[in-house]
Amino acid sequence: MDAWLAIASRREVRDYAPRDLPEDVVRTILDAGRLAGSAKNRQPWRFLLVEDDEARERLAGSVYEPANVRGARLAVAIVGRSGFDTGRCAQNMLLAAWNAGVGSCPNGIADREAAHAALRLRADDEIAAVLTFGYPARERHPERRTPEEWSGRADRKSLGELVEQL
């Protein structure tokens with residue numbers, strides 16, 4: 001998929017089909033996170049795959065939308081301190097997933113202590129995000145529109161509201 005089409009057409013997916021992700025797709029998603037740039041190439045993150053049903057249920061209870069975690073075929077917690085760098089890492093993973101036809105959603109942590117317990121983290125570990133992945137329950141067709149059409153349909157502020165010239 002064209003990068004601009006992927007960026008313009010990607011939407012959060014919260015309802016997933018009961019279809020497992022192939023190992024090569026999972027590896028590509030994780031590798032996309034690994035390849036993200038970071039300050040001084042520190043790569044200040046690690047990825048926790050939440051595959052155990054009990055751990056997944058505990059983690060689901062710690063995010064704002066538990067159904068996102070419960071229904072996902074893959075849940076990845078990004079543990080790291082640098083908000084900017086881990087954000088770049090997460091966005092790479094979300095776009096790589098979309099390129100493979102896999103939907104995704106970043107999930108915010110509502111209960112930090114419960115999330116730490118579910119992931120067996122130390123108190124000083126920082127959870128940057130919990131990403132959920134799966135094939136969309138409702139089939140998506142990003143190529144049915146141009147990137148410009150997707151951009152025009154996005155519920156976002158206009159460039160005129162965001163851009164200032166100095």
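Structure shown above.
The present account deals with the structure reproduced in this document. (Residues numbered from 1 in each chain as written. Predicted model: local features only at pLDDT ≥ 70, side-chain atom pairs only at ≥ 80, totals over all residues. Heavy atoms only, no water.)

1. Observations regarding the pairing of strand S2 (residues 74-80)
Across the seven residues of S2, seven count as buried, placing the element largely inside the fold. Alternating positions in S2 separate into two faces, Leu74, Val76, Ile78 and Gly80 on one and Ala75, Ala77 and Val79 on the other, with burial throughout. As paired strands, strand S1 (residues 45-49) and S2 are joined by five bridges and run antiparallel to one another. From the neighbouring strand, leucine 49 faces S2, where its bridge partner is valine 76. Sheet analysis places S2 next to strand S4 (residues 127-134), joined by six bridges and oriented antiparallel. Note that in S4 the partner of valine 76 across the bridge is leucine 131. (Buried < 20%, exposed > 50% of the residue type's maximum accessible area, 1.4 Å probe, protein only. Helix = DSSP H or I, 4+ residues; strand = E, 2+ residues; numbered from the N terminus. Pairing = 2+ DSSP bridges.)

2. Let's talk about the layout of surface pockets
Here the largest pocket is characterised by a volume of approximately 450 Å³. In terms of lining, the largest pocket is formed by 17 residues, of which the most central are Ile7, Ala8, Arg11, Ala154 and Arg156. Classifying every residue of the lining of the largest pocket gives nine nonpolar, three polar and five charged. Volume-wise, the second largest pocket comes out at about 250 Å³. As for the second largest pocket, its lining consists of 13 residues, and the residues nearest its centre are Asp20, Glu51, Arg56, Arg73 and Leu74. Listing elements by their share of the lining of the second largest pocket, those giving two or more residues are helix H2 (23-34) and helix H4 (66-71). Each residue belonging to the lining of the second largest pocket can be placed in one class, and the counts come to six nonpolar, one polar and six charged. (1 Å grid on protein atoms, 1.4 Å probe; cavity = no way out; pocket = protein on both sides within 12 Å on 5 of 7 lines; lining within 4 Å. Points joined across faces, edges and corners; volume = space filled by probe spheres on them. Nonpolar A, V, L, I, M, F, W, Y, C, P; charged D, E, K, R; others polar.)

3. As for the sheet that holds S1
Pairing is antiparallel across the open sheet formed by four strands, whose spatial order is S1-S2-S4-S3. Each end of this open sheet is capped by a strand with a single partner; those strands are S1 and strand S3 (103-107). Ignoring which end each strand starts from, the neighbouring axes of this sheet average 25° apart. In terms of strand pairing, S3 meets S4 through five bridges, oriented antiparallel. Looking at S4, one finds that cysteine 105 is bridged to threonine 132. (Axes fitted to C-alpha atoms, helices over the stretch in contact; angles between N-to-C directions.)

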